[in-house]
Amino acid sequence: MRKTLFALLILAMTAPLHAQRLTIDIPGLADKAKEVVDITLDSQMLRLASKFLSAGDSDERAVKAIVSKLEGIYVRSYEFDSEHAYDPAVLDKVRAQLGPSWKKIVNVRGRQENSEIYFDMRAGSDQPVGLVVISAEPRELTIVNIVGPIDLDQLSHLEGEFGIPHMSKKGANDHE
Amino acid sequence: MNLDEELKLALRRKEPPPRFRDRVLAATKQRPRKIWRPLAAAALLTLVIGGTTARYVEQRREGERAKEQVLLALRITSQKLHDTREHIHELSK
């Protein structure tokens, strides 16, 4: 009994350090889509990818630095032939998984496009340990879940490389 | 004893030891079996090297694929963050 309590105590103490992986799969959506991007990279795959990122190349070294700390990258992106091919309510299942540590940093609601950005801000951590991006357009739906500490400084170093657009880190978190 | 006598003594006809013929014939019969040993070793070595190489090539392919996926994932993420930022700028105008 005492051992179980001790184990639970250890678990409770270490739980905040572990970022949360969300279930971002939406059943049936891929069948309706014209194009699907389905990326699932757990920590093992990230470590493997890391080995193939050149330390000699400064751009790849920057990616390597980001990836080495992450526990997972999950991307689901769907492009549809027609507008309103999906029910926006399906995203509620993703939002419902976001616990109290998740902070909505950006919420943009336009006529055509809705964007939401969430950071997982755990107590004792000075940087986000998780990121969720939901981008919903009439013909396109993208959900990104990055698990692990995200260094925005390092991410901003990737601007202009590998087709990554220029972006200031201020721009990503100065609106709520 | 001079050299000639020594040579004659050394090269004189000797009868083979008993069962010498049988032993030679038996050894000759066993010889083909021994040939398979290096062949089997070579085949095993080829399999091991081939297997290791195939595993290395597969691992490399998987690694390259993982790398491409990482870059694509970061590209999509950054693109969406960028689009959101642009959207915010448009709305704030």
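Preceding this paragraph is the structure being described.
Quick summary incoming for the structure in this document. Remember, predicted model here, so these are calculated numbers, not experimental data.

This part covers unusual backbone geometry. The residue H84(A) is not glycine, and still its phi comes out positive at about 55°. Tracing the sequence through the fold places H84(A) in the loop between β2 (72–79) and α5 (92–95). Residues other than glycine seldom take positive phi values, yet R19(B) does so here, at roughly 65°. Within the secondary structure, R19(B) sits in the loop between α1 (3–10) and α2 (20–92).

Once that is clear, we can look at the interface of chain A and chain B. Interface size, as often reported, equals the accessible area lost upon joining of the parts. With 41 residues of chain A at the contact, the number on the chain B side is 27 residues. Taking both partners together, chain A and chain B bury about 3,100 Å²; carbon and sulfur atoms supply 76% of that area. The tally of links from chain A across to chain B stands at 3 salt bridges. As a salt-bridge pair, K80(B) and E140(A) come within 3.0 Å of each other at their nearest N and O atoms. Applying the counting criterion to the chain A and chain B interface returns 4 residue pairs in polar contact (both at pLDDT 80 or more). At the level of elements, β1 (35–42), α3 (43–51), α4 (58–67), β2, β3 (102–109), β4 (114–120), β5 (130–137) and β6 (140–147) of chain A are the ones that each hand at least two residues to the side of chain A that touches chain B. When residues of the side of chain A that touches chain B are assigned to their parent elements, the largest contribution, 5 residues, is made by β1(A). Here the residues of the side of chain A that touches chain B are counted per class, giving 26 nonpolar, 10 polar and 5 charged.

So, how was this worked out
- Along each chain, residues carry numbers from 1 onward, in the same order as the chain's sequence is written.
- Here the convention is simple: chains get letters from A, ligands get numbers from 1, in the order in which they are written.
- Residues qualify for local features only when their pLDDT is at least 70, as the model is predicted, and side-chain atom pairs are given and counted only at 80 or more; totals for whole chains, interfaces and linings, by contrast, use all residues.
- Excluding hydrogens and water, the side-chain values take into account all heavy atoms of the structure.
- The numbering of helices and of strands both runs from the N terminus, where a helix is a DSSP run of H or I of at least 4 residues and a strand a run of E of at least 2.
- For this analysis, residues touch if any pair of their heavy atoms sits within 4.5 Å.
- Accessible-area loss on putting two parts together, using a 1.4 Å probe and summing over both, is the definition of buried area adopted here.
- We define a salt bridge as a side-chain nitrogen of Lys or Arg found within 4 Å of a carboxyl oxygen belonging to Asp or Glu.
- Under the rule applied, a polar contact is a pair of N or O atoms within 3.5 Å (in protein, one hydrogen donor and one hydrogen acceptor; residues adjacent in sequence only if both atoms are side-chain atoms).
- In this count, Pro and Cys sit with the nonpolar residues alongside Ala, Val, Leu, Ile, Met, Phe, Trp and Tyr, while Asp, Glu, Lys and Arg are called charged and the others, Gly among them, polar.

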